[in-house]
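# Overview (structure and organization)
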Amino acid sequence: KGRAMNISEKYKIESDDMNVVVYKKQKPRKPGARESWRPLGYLSSFQQALKFLVDNEINGTGLTDFKTVGAKQQELYDLINTLQLP
């Protein structure tokens, strides 16, 4: 049976015998609708999933300047350091 771990309010990782899947929380489109999770990537290890999250967030900054990228990188490192990894 698979396992799940919330990484933050935005992301969670689930694993089974075949994959490690990174999901991102989607806001409901209609009032009163439930939140849902959209798969972002299917990977083969937890470490690859964390790297995928970092790359996804860094690319999401638009790579506009080093200060923005550095701040996002530090935020992600801080988040990873709070996780209890296997």
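Given the structure is predicted, the values throughout are model-derived calculations rather than measurements.

Basis of the calculations
Residue positions within a chain follow its written sequence, with the count starting from 1. Per-residue local features of the predicted model are confined to residues with pLDDT of at least 70, and side-chain atom pairs are confined, for both listing and counting, to 80 or more; whole-chain, interface and lining totals are unaffected and use all residues. Working from all heavy atoms in the structure, the side-chain values ignore hydrogens and water. What is meant by a nonpolar core is a set of buried Ala, Val, Leu, Ile, Met, Phe, Trp, Tyr and Cys residues, joined one to another through side-chain atoms within 4.5 Å. Accessible area is worked out with a 1.4 Å probe on protein chains only. A residue is then buried under 20% of its type maximum, exposed over 50%, and partly exposed in between. We count a stretch as a helix when DSSP gives it H or I for four or more residues in a row; a strand needs E for two or more, and each element gets its number in order from the N terminus. Each pair of strands is called paired provided DSSP finds at least two bridges between the two strands. Every axis in this analysis is a line fitted to C-alpha atoms, fitted for helices over the stretch in contact. Angles between the N-to-C directions lie between 0 and 180 degrees. It only takes one pair of heavy atoms within 4.5 Å for two residues to be counted as in contact. Think of a 1 Å grid over the protein atoms and nothing else: a 1.4 Å probe that fits but is trapped marks a cavity, an open set flanked by protein within 12 Å on at least five of seven lines marks a pocket, and residues with an atom within 4 Å of a point count as lining. Grid points are joined across faces, edges and corners, and a volume is the space filled by probe spheres set on the points. Any residue outside Ala, Val, Leu, Ile, Met, Phe, Trp, Tyr, Cys, Pro, Asp, Glu, Lys and Arg is labelled polar, Gly included; the first ten of those are nonpolar and the last four are charged. Criterion for a salt bridge: a side-chain nitrogen of Lys or Arg within 4 Å of a carboxyl oxygen of Asp or Glu. One fewer than the residue count of a helix, multiplied by 1.5 Å, yields its expected span. Taken from the helix axis, the directions to the C-beta atoms give the arc we talk about.

## As for the nonpolar core
Nonpolar side chains in soluble globular proteins generally cluster together in the buried interior. Ranked by size, the top nonpolar core spans 10 residues in total: I7, Y11, I13, V20, V22, L43, F46, A49, L50 and L53. When residues of this core are traced back to their parent elements, those giving at least two are β2 (11-15), β3 (20-26) and α1 (46-60). Top element by residues in this core is α1. It accounts for 4 residues.

## Focus on the sheet that holds strand β1 (residues 3-6)
Taken together, 4 strands build an open sheet; the order of strands is β1-β2-β3-β4 and the sheet is antiparallel. Either end of the sheet is taken by a strand with one partner, and the two such strands are β1 and β4 (36-43). Ignoring strand direction, the axes of neighbouring strands in this sheet form an average angle of 25°. In this structure, β3 lies alongside β4, joined through 7 bridges in antiparallel fashion. Looking at β4, one finds that V21 is bridged to Y42. On the sheet, α1 packs against β1, β2, β3 and β4 and is oriented at approximately 155° with respect to β2.

## Digging into the layout of surface pockets
The computed volume of the second largest pocket comes to approximately 160 Å³. Forming the walls of the second largest pocket are 13 residues, and the residues nearest its centre are S8, Y11, E57, L76 and L79. Put simply, the parts of the chain that give the lining of the second largest pocket at least two residues each are α1 and α2 (66-82). Residue contributions to the lining of the second largest pocket peak at 5 residues, all from α2. Considering only residue class, the lining of the second largest pocket consists of 8 nonpolar, 1 polar and 4 charged.

## Examining the pattern of salt bridges
Counted under the stated rule, the structure contains 3 salt bridges. Across the pair E14 and K12 runs a salt bridge, and its minimum N-O distance is 3.1 Å. For E14, a relative accessible area of 27% corresponds to the partly exposed category. Judged by its relative accessible area of 14%, K12 falls in the buried class. Among the ionic pairs, K51 bridges to D55, the shortest N-O distance being 2.9 Å. Linking K51 with D55, this pair stays in helix α1, spanning 4 residues, or about one helical turn. By relative accessible area, D55 is classed as partly exposed at 35%.

## With respect to α2
In this model, α2 (17 residues) spans 24 Å end to end at C-alpha, consistent with the 24 Å of a helix rising 1.5 Å per residue. What α2 keeps buried is the set V69, K72 and L76. Angular distribution of buried residues about the axis of α2 spans 70°; they occupy a single face of the element. For α2, the exposed residues set more than 90 degrees away from the buried face come down to F66, K67, N81 and T82. Packed against the buried residues of α2 are α1.

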